[in-house]
Amino acid sequence: MPGLRSYHSFHLSSNCDSLLVFEDVEQLQSALDNTSHYYLLGEGSNTLFTEDFTGTVLVNRIKGISTTVTESAVCLQVGAGENWHELVTFALKQGYHGLENLALIPGSVGACPIQNIGAYGVEVANFIESVDYIDLATFTQKRIAHDQCQFGYRDSIFKHTLAGKVVITQVNFKLPKNYKPVTTYGELAVLNQPNAQDIYNEVIRVRRKKLPDPAVLGNAGSFFKNPVIGLEQYQKLLSIHAEMPAYKVDKHHMKIPAAWLIDKLGFKGRTVGEVRCHPTQPLVLTNLGHASGEQVIQLARQIIDSVEQQFAITLEPEVRLVAKHGLITL
Ligand code: FAD
Ligand code: EPU
């Protein structure tokens, strides 16, 4: 049974019945022809295999980057199996700007539209012109334009109508040439007239300081999404917790940092077996070495229950949990 420890960043010691790496659409097709039950994987930085998976893990390694330069923009057509951070670094080196706030986010290019990866004031949706995918019902190649992708905070059509129905093969980016650095996020606001390289460097510095390196300490980044709540509930909570941080989403909604809620409840550093709530960023759960899927679920449930009891907010996992038969919910 192939081991999955090195195929996902939380590094649980789970196995699967078989594992196939595909580098092009033909290899994908032949893998699918020989598989009835499968899980599609990029680099596994948002997936935890909580049990042995009774099926085939299909690993996307479709490579290739091509560039088209127009008068006003640079367009990049990128294979879904390219590494995200390497793409950001490549773009910067070529003088194509915009992606630098998203430096050092682990994972594949193919997964970036799925949860619309975001960090330091920027979401990848800002730069996605279209996404190419294989429609698994007909095995035909299709293209979906940005406007149809229903991008939102950690959200897109690939988590809803198209969930489980497509394999993303290429993402098409458009980086406008009239580059303006985005320095709205806390730590970047201190930079004085930064260029793209300065932002890239600072984002990497801050991320290395705040987030554990999965190569050293298994983790999947933020375990939960930051909850968005209605204004009325926000006002009510604020009257009890005057110091509660929040960001405006729109006229009627506020986003609360889940890290603050979890921190407030004293979870920092708490362990269940070998799973720990990270001491400097409690939104991240880590594998101290020999964690089990059961321990992950136990700690995650404790956090969800406590936050619900104390704040009447239901935290939703950002990560995908894959058990014996496939995806599970908490
Ligand atoms: P995987 O975990 O392999 O897959 C994720 C989901 O996408 C699965 O459901 C999978 O089936 C599906 N999928 C993967 N590839 C394809 C494809 N080609 N076609 C169709 N479906 C596919 N995320 C952020 O948004 N911002 C951050 O700042 C951030 N920081 C992180 C920091 C750390 C240390 C870690 C470990 C993770 C962080 N993440 C962050 C989460 C993660 O990096 C992203 O979710 C990333 O896009 C996952 O890519 P992946 O290839 O590893 O996805
Ligand atoms: N906070 C605490 N205690 C802590 C740490 C943070 O109370 O120990 C509070 C503070 O108020 C802080 C706030 O939480 O200002 C936000 O913390 P941080 O800036 O670290 O960001 P985050 O909301 O925890 C989000 C994303 C990250 C992304 C960063 C930077 C989500 C779920 N997470 O984290 O994405 O890198 O902002 O933009 O939206 C990921 O998705 O995996 C991920 C790491």
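In this text, all values refer to a predicted model and were calculated from it rather than measured experimentally.

Asks: Describe the environment of valine 307, with residues and values.
Replies: On the secondary structure map, valine 307 appears in helix α6 (residues 293-311). Judged by its relative accessible area of 0%, valine 307 falls in the buried class. C-alpha of valine 307 to C-alpha of aspartate 250: the two residues are 57 residues apart in sequence and 23 Å apart in space. With sequence-adjacent residues up to four places away left out, valine 307 is seen in contact with Leu261, Ile262, Leu265, Ala312, Ile313 and Leu315.

Asks: Please give an account of the site of ligand 2 that cites residues and values.
Replies: Residues in close proximity to ligand 2 total 24 residues, the closest being Tyr120, Tyr153, Tyr185, Asp263 and Glu318. Contact between ligand 2 and tyrosine 120: an oxygen atom at 2.8 Å from a main-chain N or O atom of the residue. Protein coverage of the free-state accessible area of ligand 2, which is 840 Å², stands at 82%. At the level of elements, α3 (196-210), β12 (218-222) and α5 (258-264) are the ones that each hand at least two residues to the shell around ligand 2. With 3 residues, the single largest contributor to the shell around ligand 2 is α5. A breakdown of the residues in the shell around ligand 2 according to their chemical character gives 12 nonpolar, 5 polar and 7 charged. Shared between two domains, the shell around ligand 2 holds at least three residues of each, these being domain 2 (65-206) and domain 3 (214-328).

Asks: Got a sec to walk through the pairing of strand β11 (residues 166-176)? Specific residues and values, please.
Replies: Counting buried residues in β11 gives 8 out of 11 residues, a clear majority hidden from the surface. In terms of strand pairing, strand β9 (residues 128-135) meets β11 through 7 bridges, oriented antiparallel. For tyrosine 133, the partnering residue across the bridge sits in β11 and is isoleucine 168.

Asks: Run through the pairing of strand β5 (residues 65-69), naming residues and quoting values.
Replies: With 5 bridges joining them, β5 and strand β6 (residues 73-79) adopt antiparallel strand pairing. Looking at β6, one finds that threonine 68 is bridged to cysteine 75. Hairpin connection, β5 to β6: the antiparallel pair is bridged by 3 residues.

Each value, and the rule that gives it
As a convention, each chain's residues are numbered from 1 in the sequence order in which they are written. In the order they appear in the text, chains get letters beginning with A and ligands get numbers beginning with 1. In view of the model being predicted, local features appear only for residues whose pLDDT reaches at least 70, and side-chain atom pairs are presented and counted only at 80 or more, with totals across whole chains, interfaces and linings using the full set of residues. Values reported for side chains reflect all heavy atoms of the structure, with hydrogen atoms and water molecules removed beforehand. Here a strand is any run of E in DSSP of at least two residues, a helix any run of H or I of at least four, and the numbering for each starts at the N terminus. A 1.4 Å probe rolled over the protein chains alone gives each residue an accessible area, and that area as a share of the maximum for its type sets the label: buried under 20%, exposed over 50%, partly exposed in between. We call two residues contacting when some pair of their heavy atoms lies within 4.5 Å. Throughout, the term near means that a residue has one or more heavy atoms lying within 4 Å of the molecule or strand in question. The definition of a polar contact used here is a pair of N or O atoms within 3.5 Å, where within protein one atom must be able to donate a hydrogen and the other to accept one, and adjacent residues in sequence count solely through side-chain atom pairs. Areas reported here follow the Shrake-Rupley algorithm with a probe of radius 1.4 Å; residue values treat only the protein chains shown as occluding. Residues are grouped as follows: Ala, Val, Leu, Ile, Met, Phe, Trp, Tyr, Cys and Pro are nonpolar; Asp, Glu, Lys and Arg are charged; all remaining types, including Gly, are polar. Residue ranges for the domains trace back to a domain assignment, done automatically or taken from a database. A pair of strands is considered paired only if DSSP assigns at least 2 bridges between the two.

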